[in-house]
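# Breakdown of the fold
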Number of protein chains: 2
Amino acid sequence: MAPKSIPDIVIGRLPLYLRALNFLTAEGREITSSQELGDRLGISSAQIRKDLSHFGEFGKQGTGYDINYLRQQLRDILRVEHLWDVVLIGAGDLGHALARYAGFTGRGFNIAAVFDNDPEKIGQTLGNQEIQDVAKLGETVRSQGIKIAIIAVPVNSAQDVARALVDAGIKAILNYAPITLTVPSGIKVQHIDPVVHLQRMTYYLSQ
Amino acid sequence: MAPKSIPDIVIGRLPLYLRALNFLTAEGREITSSQELGDRLGISSAQIRKDLSHFGEFGKQGTGYDINYLRQQLRDILRVEHLWDVVLIGAGDLGHALARYAGFTGRGFNIAAVFDNDPEKIGQTLGNQEIQDVAKLGETVRSQGIKIAIIAVPVNSAQDVARALVDAGIKAILNYAPITLTVPSGIKVQHIDPVVHLQRMTYYLSQ
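### Some remarks on the packing of helix α2 (residues 34–41) of chain B against helix α3 (residues 45–53) of chain B
Residue and element names in this part refer to chain B. Direction vectors running N to C along α2 and α3 enclose 115°, while the axes themselves pass 8 Å from each other. Judged on the interaxial angle alone, α3 and α2 are roughly perpendicular. Note that α2 runs across α3; the crossing there is right-handed. Counted together, Ser-34, Gln-35, Leu-37 and Gly-38 of α2 and Ser-45, Ile-48 and Arg-49 of α3 form the full contact between these two elements. Of the residues contributing to the contact of α2 with α3, the split by class is two nonpolar, four polar and one charged.

### Digging into the interface of chain A and chain B
When the parts of a complex come together, some accessible area is lost, and that lost area is often used as the size of the interface. Facing the 64 residues of chain A at the interface are 64 residues of chain B. Summed over both sides, the interface between chain A and chain B buries roughly 6300 Å², with carbon and sulfur atoms accounting for 64% of that surface. Taken together, the connections running from chain A to chain B amount to eight salt bridges. Here Arg200(B) and Asp8(A) are joined by a salt bridge, their closest N and O atoms 2.9 Å apart.

### Let's talk about helix α1 (residues 8–26) of chain A
Residue and element names in this part refer to chain A. Counted at 1.5 Å a residue, the expected span for α1 with its 19 residues is 27 Å, and the 28 Å between its end C-alpha atoms agrees. Here α1 has its buried residues at Val-10, Ile-11, Gly-12, Arg-13, Leu-14, Pro-15, Tyr-17, Leu-18, Arg-19, Ala-20, Leu-21 and Leu-24. Positive phi shows up at Gly-28, right after α1, with a value of about 85°.

### Quick notes on the side chain of Gln199(B)
By the element assignment, Gln199(B) lies in helix α8 (residues 194–202). Excluding its chain neighbours within four sequence positions, the residues that come into contact with Gln199(B) are Pro15(A), Leu18(A), Leu78(A), Val80(A), Arg107(A) and Phe109(A).

### Let's talk about unusual backbone geometry
The phi dihedral of Arg79(A) falls on the positive side, at around 60°, and the residue is not glycine. Here Arg79(A) is to be found in the loop between α4 (67–77) and β3 (84–89).

### Quick notes on the environment of Ile122(B)
All names here are of chain B. If you trace the backbone, Ile-122 turns up in the loop between β4 (109–116) and β5 (125–126). Here Ile-122 falls in the partly exposed class, since its relative accessible area comes to 28%. Each C-alpha atom, one on Ile-122 and one on Val-155, is 20 Å from the other, the two residues being 33 residues apart in sequence. Residues in contact with Ile-122, not counting those within four places in the same chain, are Asp-116, Asn-117, Ile-131, Gln-132 and Asp-133.

### Considering the sheet that holds strand β7 (residues 148–151) of chain A
Residues and elements named next belong to chain A. Strand order in this open sheet of seven strands is β5-β6-β4-β3-β7-β8-β9, and the pairing throughout is mixed. A single partner strand is all that each edge strand has here, and the edge strands are β5 (125–126) and β9 (188–191). As defined by bridge partners, strand β8 (residues 172–175) adjoins β9 across four bridges and the pair is classed as parallel. Its bridge partner being in β9, Ile-173 is matched across the sheet by Val-189. The sheet contacts of helix α6 (residues 137–144) involve β3, β4 (109–116) and β6 (129–133), and relative to β4 the element is tilted by about 155°.

### Here's the deal with the packing of aromatic side chains
Within the structure shown, the criterion is met by four aromatic pairs over all chains. Measuring from ring centre to ring centre gives 5.0 Å for Tyr203(A) and Tyr204(A), while their planes differ by 85°; the resulting arrangement is edge-to-face. Here Tyr204(A) falls in the partly exposed class, since its relative accessible area comes to 27%. Between the aromatic rings of Tyr101(B) and Phe104(B), the centroid separation amounts to 5.0 Å while the plane-to-plane angle is 85°, which identifies the pairing as edge-to-face.

The rules we used
Residues numbered from 1 in each chain as written. Chains lettered and ligands numbered in written order. Predicted model: local features only at pLDDT ≥ 70, side-chain atom pairs only at ≥ 80, totals over all residues. Heavy atoms only, no water. Axes fitted to C-alpha atoms, helices over the stretch in contact; angles between N-to-C directions. Helix = DSSP H or I, 4+ residues; strand = E, 2+ residues; numbered from the N terminus. Parallel < 35°, antiparallel > 145°, perpendicular 65-115°, else oblique. Left-handed = near helix turned anticlockwise from the far one by under 90°. Contact = heavy atoms within 4.5 Å. Nonpolar A, V, L, I, M, F, W, Y, C, P; charged D, E, K, R; others polar. Buried area = accessible area lost by both parts, 1.4 Å probe. Salt bridge = Lys/Arg side-chain N within 4 Å of Asp/Glu carboxyl O. Expected span 1.5 Å × (residues − 1). Buried < 20%, exposed > 50% of the residue type's maximum accessible area, 1.4 Å probe, protein only. Pairing = 2+ DSSP bridges. Phe/Tyr/Trp six-rings, centres within 6.5 Å; stacked < 30°, edge-to-face > 60°.

Here's what the structure looks like:
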């Protein structure tokens, strides 16, 4: 297992490497190089070699990386070798998209429960789950020992939902509401806000 | 206007500062500090002061930042003072969520056209747009001079769509398909893939 001192920015790139390796496997490939991975990802080959060297010796000079072996190692490092159950809060448009998203399967995640506070939605089926009353959130998270949550609720409810999730034992939150959540230290949060990504690009556009 | 040598990682944090300032304004606040912004964002106050110093002198020692002025400056730096038209490709679950997303308005972006290749969807209304045949993509992008696109199509079509967008003159792409797109240099791409964010957190979770 990897030492604890790996910089977070390196950890952040490992899922990209894993995704690229999955594509190469799907293309029937068995060997790759840091150069090829770099070209695909827009990351320098030196950076890739340096990142991977944190975790041991994966490639051999001149022969490249064994894709299958490296995939296996990355899945192990990222702890997605087994399937993580995830709770999804919010069954609106975005919740629908997430609940039906095919990309979770095979990459380590399973939407195990879906919650909403709208009486008209509760009891309906979404993906392969019945939408549950958000009042039962804590009970379900605790009884199933779920550690990961996705927040897809309106911005005004997001912080309250986050608090309830943390109280119930959630350790990692992927937040789609356009607000930076406040959580206790030790709880991991990642934010997805399309406007932040768009604004990051408009800086470079001439008008 | 800002010099061109600002590191991309700094540019990437400016939308977060702008978002936090918008929240403070909504709360009726007029003055803030790098300390308060840092606490809200989980970024050190020293980092925030350093980032903002790239663009001039915004805060005064001891008096903090004028929120309105700083917001205005950030909107100007990020070029979201005017409204950018955006084309959305893909009218599935995710496309629906994006087309109806209220968070674009007031933050610089307007979904100006929606495309799909499904004959059953073409002609239907989504948000306040009629879904158009993707065959007309190039024509619409060119005639309206649109520079920004959001890709919300299945992974197998994403690279082809990206190529068509670049051919039509698109300069910035926000890609939701779980694949790293290959585009000519000079074209900006940002990727949103929930699994990459989830895998980045599972590394830290004990099983």
